[in-house]
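Here is what each chain is made of, one letter per residue.
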Amino acid sequence: MTQKKEPIKNWKIWIILLILLIFSVPWYLPTGSYEPFILGIPYWAWIILGISLIISIVLTLILKYCWHMTDEEEMREEEEEQ
């Protein structure tokens, strides 16, 4: 039986998530900056919402394409075929 690599062991994914986490907190903006308002919300809040959406998309893609999920029946079938 071959060992499937899980995304938790992939350092590239962790780097991407760390960078997104750093950018999700707008510490890099000037102190006291809250203008301009876009649709009544400060621009820094839009930055946080946008980065949160990107984090959600990245995690969804990781779960869909990198996470190998098999149940016990599939594992038994694979073992029987070998």
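Keep in mind it's a predicted model, so treat the numbers as computed, not measured.

Remarks on the environment of Leu59
By the secondary structure assignment, Leu59 is in helix H2 (residues 43-65). For Leu59, a relative accessible area of 38% gives the class partly exposed. Along the chain, Leu59 and Ile13 lie 46 residues apart, while their C-alpha atoms are 9.3 Å from each other.

With respect to the nonpolar core
If you look at the biggest cluster of nonpolar residues, it comprises five residues: Ile13, Leu17, Leu20, Val58 and Ile62. The greatest single-element share of this core, amounting to three residues, is contributed by helix H1 (residues 11-24).

Looking at H2
For H2, with 23 residues, the first-to-last C-alpha span of 33 Å sits near the 33 Å given by 1.5 Å per residue. Within H2, burial applies to Tyr43, Ala45, Ile51, Val58 and Ile62. Those residues of H2 that are buried are in contact with H1, strand E1 (37-38) and strand E2 (41-42).

Parameters at a glance
- Residues numbered from 1 in each chain as written.
- Predicted model: local features only at pLDDT ≥ 70, side-chain atom pairs only at ≥ 80, totals over all residues.
- Heavy atoms only, no water.
- Helix = DSSP H or I, 4+ residues; strand = E, 2+ residues; numbered from the N terminus.
- Buried < 20%, exposed > 50% of the residue type's maximum accessible area, 1.4 Å probe, protein only.
- Core = buried A, V, L, I, M, F, W, Y, C linked by side-chain atoms within 4.5 Å.
- Expected span 1.5 Å × (residues − 1).
- Contact = heavy atoms within 4.5 Å.

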